[in-house]
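# Structural characterization, general
Here's the letter readout for the chains.
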Amino acid sequence: MTKNLTSPSKYDTARLQQLDRDHYFHPFTDHKALGEEGSRVITKAEGVYLEDSEGHRILDGMAGLWCVNVGYGRKELAEVAYQQMLELPYYNSFFKTAHPPAIELAKKLADLAPAHMNNVFFTGSGSESNDTVLRLTRHYWATKGQPDKNIIISRENAYHGSTVAGASLGGMKPMHKQGGLPIEGICHIQQPYWFGEGQDMSPEAFGIKAAQALDAKIQELGEDRVAAFIAEPFQGAGGVIIPPASYWPEIKKILAKYDILLVVDEVICGFGRTGEWFGSNYFDLQPDLMPIAKGLSSGYLPIGGVMISDRVMDVVNKGGDFNHGYTYSGHPAAAAVALANLEILENENIIQTVKEETGPYLQTRWAELGEHPLVGEARGVGMVGALELVKDKGTNARFDDKATAGALCRDFCFQNGLVMRATGDTMIISPPLVITRSEIDELIDKARLALDLTFEALHSGG
Ligand SMILES: *Cc1c(COP(=O)(O)O)cnc(C)c1O
């Protein structure tokens, strides 16, 4: 690790790594591997670059966890948080109270969201947003006198968060295995993952088939039992799975036949990831509820929410007390930072630039990686991309031991100054929306180098 060294570091990495081993129980981490290898300690960041405790510069191809949309080092966001904390660091919104930052942010979100969505419930995260979704959909139908209409249909390999409701709504098998999930009243249909599950059909035909699984499931359960269908516009954590073009139109056709709520999880897609404000704009969806988080504040402070359609609001307004809320719902500093973040996205035309310039440029360059002998498919939209690593480019056959190629490639990326994530043998990127053309070139060069090194390692008889 001598490449990309910028400056001597003021941190004692060995000490931090030891304390980390001894005391810090990490989220989503293999603790055996962490103990052996030690953690990478990130100490600062600017623009699209991270710096670690040893002074290495790393291009953050994941925008943190899909969230740092406006990039790192925005002094104006720090300033807004500081001023708000001096003025009013905390107050809640329970029992008919409110404060200006939460009110102003709610108004701003109502302006940005699809026209029929004019209310927002604030949370501290995407997971809390989906817990709210579960309770709100059931509250909606109960208020309408249909308490038995309470089942939520989701999809296999969906990601909706890590709380009990979030993980249950999600379709991640390793998560379900721990803790007896999913909870009752949630079921999962097939995902629209053509490369992984549909290569014996055309993408179009497979998209229709995957959508029709929703119709079949509603028929099986009975319309009067189904409260909602929840889905990400494209699946993020599942591996940047972009449905075939036929999928969403077919889902819309099916939903039009039934009286069922559509929940579009915008936690990743929201705030510019596709080159539109919301994935719902990109795929032309009319959600009843939209969980949001991540890009809402570009990760500068934790905040999420659920955008609510007028149709749902009209009913729950009649329902009396919604016995639900978080101490930090609409936290003043987080709300003020989120509002300032949305203003940056607007004032700097960041989303339009993704749509018209940098997004198409990234996709053109990303597609070039599809020619690599290790890559079976390169796909993407806006400012996300995925590469499917395969053993045999001719047949798209996978490696027998899944996740070896992906993990190798991820480690080579890190060693050469790029964060690219591996989901099994699918490599994914989701860089800050402010990434420039020359930074995209650097990302592509580093990704290609990592693919070369991975290919060599896998084919050197080892
Ligand atoms: C990250 C994510 C969540 C969970 O958000 P947290 O803030 O981590 O709780 C929910 N839904 C989607 C689509 C996500 O990507």
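Residues numbered from 1 in each chain as written. Predicted model: local features only at pLDDT ≥ 70, side-chain atom pairs only at ≥ 80, totals over all residues. Heavy atoms only, no water.

### Thoughts on the overall build of the protein chain
As a reminder of what qualifies: A run of H or I in DSSP becomes a helix once it reaches four residues, and a run of E becomes a strand once it reaches two; helices and strands are each numbered from the N terminus. Only C-alpha atoms enter the radius of gyration; for comparison, a globular chain is expected to reach 2.2 Å times N to the power 0.38, where N is the number of residues. Only protein chains enter the accessibility calculation, which uses a 1.4 Å probe. A residue is then buried if its area is under 20% of the maximum for its type, exposed if over 50%, and partly exposed in between. Contacts are assigned to residue pairs that have any heavy atoms within 4.5 Å of one another. Method for areas: the Shrake-Rupley scheme with a 1.4 Å probe, in which residue coverage is limited to the protein chains shown. Asp and Glu are treated as the negative residues and Lys and Arg as the positive ones, with His and the ends of the chain left uncounted. Where a charge lies is defined by one atom per residue type, namely NZ (Lys), CZ (Arg), CG (Asp) and CD (Glu).
In terms of helices and strands, the protein chain carries 17 helices and 15 strands. Against the compact-globule benchmark of 23 Å for 462 residues, the protein chain has a radius of gyration of 22 Å, which places it among compact chains. Each principal axis of the C-alpha atoms in the protein chain carries an extent, and together these give about 65 × 60 × 45 Å. Counting across all 462 residues of the protein chain, residues that qualify as buried make up 54%. The long-range fraction of contacts in the protein chain, counting pairs at least 24 apart against all pairs at least 6 apart in sequence, stands at 71%. Of the roughly 19900 Å² of accessible surface on the protein chain, a fraction of 53% belongs to carbon and sulfur atoms. Charged side chains in the protein chain number 42 positive and 59 negative. The centres of these two groups are separated by 2 Å.

### Focus on helix H1 (residues 13–23)
One turn of the α-helix equals 3.6 residues, which is why residues spaced by three or four share an orientation. Which entries qualify depends on this criterion: What the arc covers is the set of directions going from the helix axis to the C-beta atoms.
Taken as a whole, H1 has its buried residues at Thr13, Gln17 and Asp20. Buried residues of H1 fall within an arc of 60° about the axis and therefore sit on the same side. For H1, exposure combined with an orientation more than 90 degrees from the buried face picks out Ala14 and His23. On its buried face, H1 is in contact with helix H2 (31–37).

### Some remarks on the pattern of salt bridges
This is how the line gets drawn: Here, a salt bridge means any side-chain nitrogen of Lys or Arg that lies within 4 Å of a carboxyl oxygen of Asp or Glu.
Evaluation of the coordinates by the stated rule reveals 22 salt bridges. Measuring nitrogen to oxygen at the nearest pair gives 2.7 Å for the salt bridge that ties Lys108 to Glu346. Of this pair, Lys108 sits in helix H5 (residues 100–112) while Glu346 sits in helix H14 (residues 332–347), and the two are 238 residues apart along the sequence. A relative accessible area of 32% places Glu346 in the partly exposed class. Notably, a salt bridge pairs Lys253 with Glu250, separated by 3.5 Å at the nearest N-O pair. Here Lys253 pairs with Glu250, and both are found in helix H11 (residues 247–257), just 3 residues apart, close to one helical turn. One salt-bridge network, held together by shared partners, links Arg365, Glu368, Asp441 and Arg448.

### Some remarks on the packing of helix H16 (residues 404–415) against helix H17 (residues 437–459)
Just so we agree on the cut-off: Only the stretch in contact is used when a helix axis is fitted, and all axes are lines through C-alpha atoms; the angle between N-to-C directions ranges over 0 to 180 degrees. For classification purposes, an angle smaller than 35 degrees is called roughly parallel, one larger than 145 roughly antiparallel, one from 65 to 115 roughly perpendicular, and anything else oblique. With the far helix as reference, a near helix turned anticlockwise by less than a right angle produces a left-handed crossing, and one turned clockwise produces a right-handed crossing. Classes in brief: Ala, Val, Leu, Ile, Met, Phe, Trp, Tyr, Cys and Pro nonpolar; Asp, Glu, Lys and Arg charged; the others, Gly included, polar.
In contact at an axis separation of 9 Å, H16 and H17 are set at 135° when each is read in the N-to-C sense. When the interaxial angle is binned, H16 and H17 end up oblique. Judged by the sense of rotation from one axis to the other, the crossing of H16 with H17 is right-handed. Contacts between H16 and H17 involve Ala405, Leu408, Cys409, Phe412 and Cys413 on the former and, on the latter, Ala450, Leu451, Leu453, Thr454, Ala457 and Leu458. Split by residue class, the contact of H16 with H17 holds 10 nonpolar, 1 polar and no charged.

### Remarks on the domain arrangement of the protein chain
The extent of an interface is frequently quoted as the accessible surface area lost upon association of the parts. Let me state the cut-off plainly: Boundary definitions for the domains trace back to an automatic or database domain assignment. For the purposes of these results, a polar contact is taken to be a pair of N or O atoms within 3.5 Å, where, inside protein, one atom must be able to donate a hydrogen and its partner to accept one; residues adjacent in sequence count only when each atom of the pair is a side-chain atom.
Segmentation of the protein chain into domains returns domain 1 (13–70 + 349–460) and domain 2 (76–347). For domain 1 and domain 2, the distance between their C-alpha centres works out to 26 Å. Between domain 1 and domain 2, the contact holds 34 residues from the first and 36 residues from the second. A salt bridge links Lys355 to Glu276; its shortest N-O distance comes to 2.8 Å. Joining domain 1 to domain 2, the criterion identifies 17 residue pairs in polar contact (both at pLDDT 80 or more). Looking at the side of domain 1 that touches domain 2, the elements that each hand over two or more residues are helix H3 (63–66), helix H15 (350–369), strand E11 (375–381), strand E12 (384–389), strand E14 (421–423) and strand E15 (426–429). Per element, the largest residue contribution to the side of domain 1 that touches domain 2 is 5 residues, and it comes from E11. Grouping the amino acids of the side of domain 1 that touches domain 2 by side-chain chemistry returns 18 nonpolar, 10 polar and 6 charged.

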